[in-house]
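Fold and contact review
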Amino acid sequence: YMKNFEGFTFVALLKACTKRKDAHKGIRLHDEILRRGLLDRKNPYVASTLINMYSKCGMLEKAKYVLGKLPVRDTVSWNALMSGYAHHKQFHEVLECFDCMQKECLSPDVVSFICILKACGSTRNIEKGKQIHDVVVNSGLLEKHVELGNVLVDMYAKCGMLEKAKQVLEELHIRNVVSWSSLIGGYVQQGQGEEALSCFERMQSEGCPPDAITFSSILKACAITAAICKGSIIHEKIVSRGLLEKDVVLGTSLVDMYAKCGMLVKAKQVLEELLVRDVSSWNALVAGYVQHGQIYKALICFEMMESEGVCPNTVTF
């Protein structure tokens, strides 16, 4: 009983370290856990929480080492490592972990499937993604877990299979802003601006309010189709909801939309009104000037950017 009680205490402390990204204190807790012999089969959550702490703190080799040293590995401990790799966008490692987990005859759960589908989307591994889709459908998990549906739509969209992504979305019992945004983002990624705008209209007709990610994608769709009137309406909605103060990417998307539509005075005005101007927002205006042959203004813009202490990147150059 006392060993279990100690385990719960260390789980709570490790979670606090994870939240604060305090790896130094987490390492000290790890030493104490080893000293007390808590990394055994009777305390699986101590092990998984320890792996999660190292993973979220970016110490993925250490997380992998801890997993490898466990006397018994379960689905939860593998999930902790896969989630860490996914969090740090190391998706090939997620795929490797999933294969190792299956070789150990462990059954994946919802967290496992979410990690592997994210990895399939980001690595364009459509064959693996289709296999996982079939397993998820046959297991009946899709009806119970909204996030699984969202990540399936996203996986197909990132792999360029937009008709399949649309089909999956239409079959979902619950469609939310994440699933709609994934499909809209997929259309934009493939340069299908009209389809993205149509999808956005349908999303709104179903009473699903867009978020910053949706607005950013739809502004790109407006830029692709030169739908400046639609873009201006979206701009007003963004301002009315106070999103520009919270999301730097959204500001960049606005500057880019106006610049690509040839409204360079408006693009410059939006840039000047942003609370935070980063290299991406400046690049959007510089590119707009170049695209429309206003080379002198592009050079002036570059000088202003440097005068504000913003370092140019390869896109700027």
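The rules behind each value
Residues numbered from 1 in each chain as written. Predicted model: local features only at pLDDT ≥ 70, side-chain atom pairs only at ≥ 80, totals over all residues. Heavy atoms only, no water. Helix = DSSP H or I, 4+ residues; strand = E, 2+ residues; numbered from the N terminus. Buried < 20%, exposed > 50% of the residue type's maximum accessible area, 1.4 Å probe, protein only. Contact = heavy atoms within 4.5 Å. Areas by Shrake-Rupley, 256 points an atom, 1.4 Å probe, with all protein chains shown as cover. Lys, Arg positive; Asp, Glu negative; His and termini not counted. Charge placed at Lys NZ, Arg CZ, Asp CG, Glu CD. Core = buried A, V, L, I, M, F, W, Y, C linked by side-chain atoms within 4.5 Å. Expected span 1.5 Å × (residues − 1). Arc of directions from axis to C-beta. Salt bridge = Lys/Arg side-chain N within 4 Å of Asp/Glu carboxyl O.

**Quick look at the overall build of the protein**
The helix and strand inventory of the protein stands at 18 helices and 0 strands. Considering only C-alpha atoms, the protein reaches an extent of 70 × 45 × 30 Å along its principal axes. Looking at the 317 residues of the protein, the share that counts as buried comes to 46%. A sequence separation of at least 24 residues applies to 59% of the contacts in the protein between residues at least 6 apart. As displayed, the protein offers around 16,200 Å² of accessible surface, 55% of which is attributable to carbon and sulfur atoms. Here the protein contributes 38 positive and 35 negative side-chain charges, whose respective centroids are spaced 6 Å apart.

**Section: the nonpolar core**
Counting 102 residues, the largest nonpolar core has Val 94, Ile 116, Leu 148 and Ile 218 as its most contacted members. Residue contributions to this core peak at 8 residues, all from helix H7 (residues 110-123). Residues in contact with Ile 116, not counting those within four places in the same chain, are Val 94, Leu 95, Phe 98 and Ile 132.

**Thoughts on helix H8 (residues 126-139)**
Spanning 14 residues, H8 covers 20 Å between terminal C-alpha atoms, matching the ideal 20 Å at 1.5 Å per step. On the buried face of H8, the contacting elements are helix H6 (91-103), H7, helix H9 (146-158) and helix H10 (162-171). Looking one or two residues beyond H8, the residue adopting positive phi is Gly 140, at roughly 75 degrees.

**Looking at the side chain of Ser 216**
Among the structural elements, Ser 216 can be located in helix H13 (residues 212-225). Excluding anything up to four places from it in sequence, Ser 216 contacts Val 249, Leu 250 and Ser 253.

**Things to note about helix H16 (residues 264-273)**
For H16, the full list of buried residues reads Leu 264, Ala 267, Val 270 and Leu 271. Projection of H16 onto a plane perpendicular to its axis shows the buried side chains occupying an angular sector of 120 degrees, all on one side. Turned more than 90 degrees away from the buried face of H16, the exposed residues are Val 265 and Glu 273. Lining the buried residues of H16 we find helix H14 (228-240), helix H15 (248-260) and helix H17 (279-291).

**Thoughts on the environment of Ala 259**
Residue position: Ala 259 is located in helix H15. When the C-alpha atoms of Ala 259 and Val 135 are compared, they prove to be 45 Å apart, with 124 residues separating the residues in sequence. Other than its neighbours up to four places away in sequence, Ala 259 contacts Leu 264, Ala 267, Ala 284, Gly 288 and His 292.

**Regarding the pattern of salt bridges**
Scanning all chains against the criterion turns up 12 salt bridges. Its salt-bridge partner being Lys 158, residue Asp 154 comes within 3.1 Å of it at the nearest N-O pair. Of this pair, Asp 154 and Lys 158 both sit in helix H9, 4 residues apart, which is roughly one turn of that helix. A salt bridge links Arg 202 to Glu 206, with the shortest nitrogen-to-oxygen separation between them at 3.6 Å. Put simply, Glu 170, Arg 175, Arg 202 and Glu 206 are held in one network by salt bridges that share partners.

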